[in-house]
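Residues per chain, in single letters:
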Amino acid sequence: MLLTRASPTFLPSTSAASPSPQQAPSSPTFGRSQYRRGGGLVSVSSPVAGQRGAARRRSVMAAAGAVPAAKLEDADALIDSVETFIFDCDGVIWKGDKLIDGVPETLDMLRSKGKRLVFVTNNSTKSRKQYGKKFETLGLNVNEEEIFASSFAAAAYLQSIDFPKDKKVYVIGEDGILKELELAGFQYLGGPSDGDKKIELKPGFYMEHDKDVTTIPTLVGAVVVGFDRYFNYYKVQYGTLCIRENPGCLFIATNRDAVTHLTDAQEWAGGGSMVGAILGSTKQEPLVVGKPSTFMMDYLAKKFGITTSQICMVGDRLDTDILFGQNGGCKTLLVLSGVTSVQMLQSPDNSIQPDFYTNQISDFLTLKAATV
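Residues numbered from 1 in each chain as written. Predicted model: local features only at pLDDT ≥ 70, side-chain atom pairs only at ≥ 80, totals over all residues. Heavy atoms only, no water.

**Observations regarding the overall build of the protein chain**
Rules: Strands are runs of DSSP state E lasting at least 2 residues, helices are runs of H or I lasting at least 4, and numbering of each runs from the N terminus. Three exposure classes are used, based on accessible area relative to the maximum for each residue type with a 1.4 Å probe and protein chains only: buried under 20%, partly exposed in between, and exposed over 50%. Two residues qualify as a contact provided that any one of their heavy atoms is within 4.5 Å of a heavy atom in the partner residue. Per-residue accessibility takes into account occlusion by the displayed protein chains alone, with areas from the Shrake-Rupley method and a 1.4 Å probe.
Secondary structure assignment for the protein chain yields eleven helices and 16 strands. Burial status across the protein chain gives 53% buried among its 372 residues. Residue pairs at least 24 apart in sequence account for 73% of intrachain contacts in the protein chain once pairs closer than 6 positions are excluded. Carbon and sulfur atoms provide 51% of the accessible area of the protein chain, an area that totals close to 16700 Å².

As C-alpha cells, then:
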C-alpha cells in the first residue's frame, strides 16, 4: 500500500520501495482538513454511493486516515483560493515532445488572473535553460526563472550544504545535471561521456576509481544519480566504489520515478531504475532532492516569498507530485492526462488522495459552479 506521509526534507520517494518503509505522522500545521472543502471555497461532488467497490475504498481510506479525492467541479473557486500554481511538466503540460491539448490557453488564462506559475519537473536530463528552450519550441512563453528541474535541485542542494569546491561530483545522468553543476561552480566527471566505457572482466581485474594520473587526485565527494539513457555497468561500478570507499561520499538522487514519458506512445523505465541499481549495490539510501522531497518546495517558498497554503500543486503522479504538494502543505490537484488513471486513484490499495482530480488542466477553462 502507498502510504501518505509528511516526510523530512530528504526522504526516499515512495516511487521505489525502500527496505523498511515507515509511515510518518501527518503534518500538524497543514492538515488536509484545514483547507479541503472548508469555508465554501470550492464546490465539490459527492462520492458515488451504492457501489460495493466505492464502499470498500472509503473504508480502507478511512482506516488510513485519507479522505477520498473529490472530482473538480468549480475550477474558478479553486483558482480564486490560491495565488500560485506549481505544475509538473511530463503528463501535465506535455507528453514526450507533444503538447497536451488546451495548455497554452489555460496558462494564459491563469496569468490574466494574476496567478504566479511555476513549473517543477523531476526530469533531470535538461538544465533550466534547456527546458526554457523546450517550452519555447512548444509555443509556450515561460521564463527560465519559473522553471525548476531536479538537475537544478541537485546543484542547489550541494550549494545549500556548502559542498567543498575542491571535491568532485560523479554523475550518473545526462547533460542537464552537468550544466547545472558547472553553473554552480562544481567539478564533475562521468555523465554521457562514460556511456561508451566498458569493463573487461578478466581474472584478477581490479577497477581503479577516482584517480587522475595527470593531477593530484581529488576525491569524489558526491555521486548524483538521475535518469540516464547511457546507463551501463561501468557507471554502476564506478559510482558504487565512490560511495563505498570514499569517506563521507554522498549518494544523491534527482528522483526515484518508476516511469517517465520519453514518447507519447508508452511509458518508459524512469530514473528510479538507475537509482535502484546503485541502492542495491551500496545498500545505502539516497538523499532525494526531487519530488516528493520538500527541498524544492522550501527553495521555491523562500525564493518567491510564497505561503505554501496559497499554492496549488498540479501533477499526474500520486507518489511524487501529490505527495510533494501534501508534504509542503499545499492544495493538490491530480490530472488524469499522465500516468495515473481514475482506477489507480480509487484503488483500495492507494491512500495518497489529492484534494481534487480532473481530466487535464484545460478543464480550468470549462468547469464552472453548478447553478441552482
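**A word on the sheet that holds strand β8 (residues 187-190)**
To keep it simple, the criterion reads: Pairs of strands are assigned from DSSP output, requiring at least two bridges between the strands. Note on geometry: axes are C-alpha line fits, over the in-contact stretch for helices, and angles between N-to-C directions span 0 to 180 degrees.
Strands sit in the order β8-β7-β9-β10-β13 across an open sheet of five strands; the sheet is parallel. Whereas interior strands pair on both sides, the edge strands pair on one side only; in this sheet they are β8 and β13 (287-288). Taken together, the two bridges between strand β10 (residues 250-253) and β13 define a ladder with parallel strand orientation. Note on β13: the bridge partner recorded for Ile252 is Leu287. The strands touched by helix α5 (residues 150-160) within the sheet are β7 (168-172), β9 (220-225), β10 and β13, with β10 carrying the most contacts at an inclination of about 145°.

**Some remarks on the pattern of salt bridges**
Opposite charge on two side chains makes pairing possible when the charged atoms of those side chains draw close. Spelled out, the test is: A side-chain nitrogen of Lys or Arg and a carboxyl oxygen of Asp or Glu constitute a salt bridge if their distance falls within 4 Å.
If you walk through the whole model with that rule in mind, you get eleven salt bridges. Between Arg256 and Glu285 there is a salt bridge whose closest N-O contact spans 3.0 Å. A residue pair is termed long-range when its members are at least 10 positions apart, and Arg256 in the loop between β10 and β11 (259-260) and Glu285 in the loop between α8 (271-282) and β13 qualify at 29 residues. Taken together, the shared-partner salt bridges in this structure form one network comprising Asp88, Lys291 and Asp321.

**Regarding a nonpolar patch on the surface**
Operational definition: Distance thresholds for patches are 9 Å for like charges and 5 Å for nonpolar side chains (Val, Leu, Ile, Met, Phe, Trp, Tyr), applied to residues having over 30% relative accessible area and no salt bridge.
Residues Leu201, Phe205 and Tyr233 make up a contiguous nonpolar surface patch of roughly 360 Å² in combined accessible area. Along the polypeptide, Phe205 turns up in the loop between β8 and β9.

**Some thoughts on the environment of Gly329**
Of note, Gly329 is situated in the loop between α10 (318-328) and β15 (331-335). Through-space distance from the C-alpha of Gly329 to that of Thr307 is 9.2 Å; in sequence the pair is 22 residues apart.

**So, the sheet that holds strand β2 (residues 84-87)**
Ordered in space as β1-β16-β15-β14-β2-β5-β6, the seven strands form an open sheet in which the pairing is parallel. Among the strands making up the open sheet, the edge pair consists of β1 (70-71) and β6 (147-149). With four bridges connecting them, strand β14 (residues 311-315) and β15 associate as parallel partners. By the bridge assignment for β15, Gly315 is matched with Leu334. Each of β5 (116-121) and β6 is contacted by α5, which is oriented at about 75° to β6, the strand it contacts most. In the packing of α10 onto the sheet, the strands contacted are β14 and β15, and the crossing angle to β15 comes to about 160°.

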